[in-house]
Amino acid sequence: MVKNLDEVFNKAKEYTTQKVSVAAAEDKEVLIALKEAAENEICEPILVGDEKKIKEIADELNFDVSSYKIINESEPAKASQMAVKLVNQGEADTVMKGHVQTRDLLKAVLDKENGLRTGNILSHIAILDVPEYDKLLFLTDAAMNIAPDLDQKVNIVQNSVDIANDMNIEKPKVAPLAAVEVVNPDMEATKEAALLSKMADRGQIKNAHVDGPLALDNAISKEAAAQKKIDSPVAGDADILLVPDIEAGNILYKSLTHLAKGQIAGIIAGAKTPVILTSRADPHEAKVYSIAAACMMMANRK
């Protein structure tokens, strides 16, 4: 089992090279990441976007793109449609966000004719490599679903479990987070956490241990869990943190990356393939790790 993002990167090099279709590829940080991934035979990029700009940036980076397929489309929304269509038609294995608005890429992903719909909701999964934690930590959903209800949380949890399975984590431990570790009828997050736990027990959430509610300290610290006398296979050893809403997720995500110096990979799950999606503000390292993670996932599905 991989325990940090460097191990993910190295593991991805052992698999068959995956084809990554890039929507609006005329982005310097994206091309830096693709160059590193391509040179390590993790991915073969298909560059969809403004061909002139792509080549200008690639030349600046000493990235020889002459052997890669480039599809000229200067309008980002149309580039997104084309990039997604390539995956839909089997010409690419997964799709990556370039210099395009997230909404335009996701609109293409959800297109009924040429998109990557599965019937599941889409959710964001942040794969975090935090120095003080002894393994990868999956955080969901800090970027897409604002205030998910119970049904949506079931889908969000299953999306994250499937992604963890694709990364060789056979039965990940899921902690639905709340402010306290007991069910409080006045706190909706605690009630939904308890229901998710029982649903997992009954097989409604598959291939995972789910136990909650758990406060953050009880989810990731064995000492804190022991002090509270919480007897659980998840407490103190969580692989996946389910946040109650987007505000909690956003705060935790930024705390772990900016204050705890966590490294990050970003994936949208719930489509036919993982969608490689990071913030424009993220460094190229985050994009490299995201490419490696998605390629590892797709290789394991074949």
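What counts, and where the lines are drawn
The residue numbering used here restarts from 1 in each chain and proceeds along that chain's sequence as written. Local features in this predicted model are restricted to residues whose pLDDT is 70 or higher, and side-chain atom pairs enter the listing and the counts only when it is 80 or higher, whereas totals over whole chains, interfaces and linings include all residues. No hydrogens and no water enter the side-chain calculation; it runs on all heavy atoms of the structure. UniProt positions are given in the numbering used here, feature names are shortened, and annotations may be inferred rather than shown by experiment. Numbered from the N terminus, helices here are DSSP runs of H or I no shorter than four residues, and strands are runs of E no shorter than two. The angle between two axes is taken between their N-to-C directions and runs from 0 to 180 degrees, where each axis is a line fitted to C-alpha atoms and a helix contributes only its stretch in contact. Should an angle fall under 35 degrees it is taken as roughly parallel, and over 145 as roughly antiparallel, whereas 65 to 115 is taken as roughly perpendicular and any remaining angle as oblique. Less than a right angle of anticlockwise turn of the near helix away from the far helix marks a crossing as left-handed, whereas a clockwise turn marks it as right-handed. Should any heavy atoms of two residues lie within 4.5 Å, those residues are counted as being in contact. Any residue outside Ala, Val, Leu, Ile, Met, Phe, Trp, Tyr, Cys, Pro, Asp, Glu, Lys and Arg is labelled polar, Gly included; the first ten of those are nonpolar and the last four are charged. Each Phe, Tyr or Trp ring (for Trp, its six-membered ring) is paired with any other whose centre lies within 6.5 Å, and the angle between the two planes then decides the class: stacked below 30 degrees, edge-to-face above 60, tilted in between. Remark: exposure states derive from per-residue accessible area (1.4 Å probe, protein chains only) relative to the maximum for the residue type, with buried under 20%, exposed over 50%, and partly exposed in between. Every definition here rests on a 1 Å grid over the protein atoms only: cavities are sets of points where a 1.4 Å probe fits but cannot get out, pockets are open sets enclosed by protein on both sides within 12 Å along at least five of seven lines, and lining residues have some atom within 4 Å of a point. Grid points are joined across faces, edges and corners, and a volume is the space filled by probe spheres set on the points. Residue ranges assigned to the domains are those given by an automatic or database domain assignment.

- With an unreviewed UniProt entry as reference, the chain is termed Phosphate butyryltransferase, source organism Natranaerobius thermophilus.
- The Sequence similarities (unreviewed entry) field of the UniProt record for the chain holds the comment "Belongs to the phosphate acetyltransferase and butyryltransferase family."

### Examining unusual backbone geometry
No. 1: Along the chain, Thr-140 connects to Asp-141 via a cis peptide bond; the corresponding omega equals 0°.
No. 2: Within the secondary structure, Asp-141 is located in the loop between strand S6 (137-140) and helix H6 (150-166).
No. 3: Looking along the chain, the bond that leaves Gly-212 and enters Pro-213 is cis, with omega of 10°.
No. 4: Following the sequence through the fold, Pro-213 ends up in the loop between strand S8 (209-210) and helix H8 (216-220).
No. 5: Within the chain, Asn-207 stands out as a residue other than glycine whose phi angle is a positive 65°.
No. 6: Along the chain, the position of Asn-207 falls in the loop between helix H7 (188-201) and S8.

### Let's talk about the packing of helix H2 (residues 28-39) against helix H11 (residues 284-301)
No. 1: One way to put it is that H2 packs onto H11 with a least axis distance of 8 Å and a crossing angle of 50°. Taken together, H2 and H11 sit at an angle that is classed as oblique. Of the two possible hands of crossing, H2 and H11 adopt the one that is right-handed. Contact residues: H2 offers Glu-29, Val-30, Ile-32, Ala-33, Leu-34, Glu-36 and Ala-37, while H11 offers His-284, Lys-287, Val-288 and Ile-291.
No. 2: Tallied by class, the residues present in the contact of H2 with H11 amount to seven nonpolar, one polar and three charged.

### What about the packing of aromatic side chains?
No. 1: What the rule picks out here adds up to one aromatic pair.
No. 2: Judged by centre distance (6.0 Å) and plane angle (55°), the ring pair of Phe-63 and Tyr-68 falls under tilted. The residues Phe-63 and Tyr-68 share a single accessibility class, namely buried.

### What to know about the layout of surface pockets
No. 1: Roughly 530 Å³ of internal volume is contained in the largest pocket.
No. 2: Every residue lining the largest pocket is counted, 25 residues in all, and those nearest its centre are Tyr-253, Lys-254, Thr-278, Ser-279 and Asp-282.
No. 3: Mapped by element, the contributors of at least two residues to the lining of the largest pocket are helix H5 (102-109), helix H10 (246-259) and strand S10 (263-269).
No. 4: Ranked by the residues each element gives to the lining of the largest pocket, the list is headed by H10, at six residues.
No. 5: Taken domain by domain, the lining of the largest pocket gets at least three of its residues from each of domain 1 (5-117 + 280-301) and domain 2 (123-259).

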